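# Tertiary structure, described
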Amino acid sequence: DVKVTQSSRYLVKRTGEKVFLECVQDMDHENMFWYRQDPGLGLRLIYFSYDVKMKEKGDIPEGYSVSREKKERFSLILESTSTNQTSMYLCASSTPYRDRGYEQYFGPGTRLTVT
Amino acid sequence: AQKITQTQPGMFVQEKEAVTLDCTYDTSDPSYGLFWYKQPSSGEMIFLIYQGSYDQQNATEGRYSLNFQKARKSANLVISASQLGDSAMYFCAMREPYQTQGGSEKLVFGKGTKLTVNP
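Residues numbered from 1 in each chain as written. Chains lettered and ligands numbered in written order. Predicted model: local features only at pLDDT ≥ 70, side-chain atom pairs only at ≥ 80, totals over all residues. Heavy atoms only, no water.

Further remarks concern the overall build of chain A. Broken down by element type, chain A carries zero helices and eleven strands. For 115 residues, the compact-globule estimate of 2.2 N^0.38 gives 13 Å, and chain A sits close to it at 14 Å. Structurally, chain A occupies a C-alpha span of about 45 × 30 × 25 Å along its principal axes. In chain A, buried positions account for 50% of the 115 residues. Excluding contacts between residues fewer than 6 apart, the proportion of contacts in chain A whose partners are at least 24 apart in sequence is 55%. When the accessible area of chain A is evaluated, it comes to approximately 5600 Å², of which 48% is carbon and sulfur surface. Within chain A, one finds 17 positive and 16 negative side-chain charges whose respective centroids are separated by 5 Å. (Helix = DSSP H or I, 4+ residues; strand = E, 2+ residues; numbered from the N terminus. Rg over C-alpha atoms; globule rule 2.2 N^0.38 Å. Buried < 20%, exposed > 50% of the residue type's maximum accessible area, 1.4 Å probe, protein only. Contact = heavy atoms within 4.5 Å. Areas by Shrake-Rupley, 256 points an atom, 1.4 Å probe, with all protein chains shown as cover. Lys, Arg positive; Asp, Glu negative; His and termini not counted. Charge placed at Lys NZ, Arg CZ, Asp CG, Glu CD.)

Counted by the stated rule, this structure contains eight salt bridges over all chains. Its salt-bridge partner being Arg-73 of chain A, residue Glu-22 of chain A comes within 3.0 Å of it at the nearest N-O pair. Of this pair, Glu-22 of chain A sits in strand 3 (residues 19-25) while Arg-73 of chain A sits in strand 8 (residues 73-78), and the two are 51 residues apart along the sequence. Across the pair Asp-86 of chain B and Arg-63 of chain B runs a salt bridge, and its minimum N-O distance is 2.8 Å. Here Asp-86 of chain B, found in the loop between strand 9 (74-79) and strand 10 (88-96), pairs with Arg-63 of chain B, found in the loop between strand 7 (60-61) and strand 8 (64-69); they are 23 residues apart in sequence, far enough to count as distant. Within the structure, one salt-bridge network assembled from shared partners comprises Arg-36, Asp-38 and Arg-44 of chain A. (Salt bridge = Lys/Arg side-chain N within 4 Å of Asp/Glu carboxyl O.)

The next thing to look at is the interface of chain A and chain B. Taken together, the contact pairs 28 residues of chain A with 25 residues of chain B. Counting the surface lost from both chain A and chain B, the interface buries some 2200 Å², and carbon and sulfur atoms represent 52% of this. Where chain A packs against chain B, one counts zero salt bridges. At the level of secondary structure, the elements contributing two or more residues to the side of chain A that touches chain B comprise strand 4 (31-38), strand 5 (42-51), strand 6 (54-57), strand 9 (87-94) and strand 10 (104-106) of chain A. (Buried area = accessible area lost by both parts, 1.4 Å probe.)

If you want it as structure tokens, here you go:
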């Protein structure tokens, strides 16, 4: 089974602190994604990466950066957190199989609270 | 404009009955894919079913089927014989076409429907 893990399930940070959210997948997938999920808004794409050291902005990249130094690991970085970054953060990786629609597998999520 | 619209914020169904969750989408690209994901209260997104735009038949996966009406741009999820464990948020998503080198793609999600199955 594909496994996508995230470093923390819950985090509480103070405004202005730096946060690293780490995601690891074990299926050798090339594509990885970071989303944030807010009530009533669904999931919105922050950044994605299609190869090591390659990244592309999603729909809401402001206030975030990412790092992909190894194929299995994709990190989301919040340089200076603000209260409007309180959210659920979901990482995903996708299969290379067209007949499965390049299905995305998700991690369990990190619920970040910024006070 | 929303690309994925789920008009039902919440739905209720009796155990063992069937339920349909609505999803309409907007795209001008002839090649696209549609997904349904389930998110229980634990938070993990679980893949349920996939329909490609060129697929001739409606997709089915166990108790889940996708009622794909291309002309209407709708991709409704049908859950047969509901179970208590089906209570969760359900998200419809569309795969956007290739826009980058490396063939990466994005999913665009709807806002979700909260399904409650009553005993």
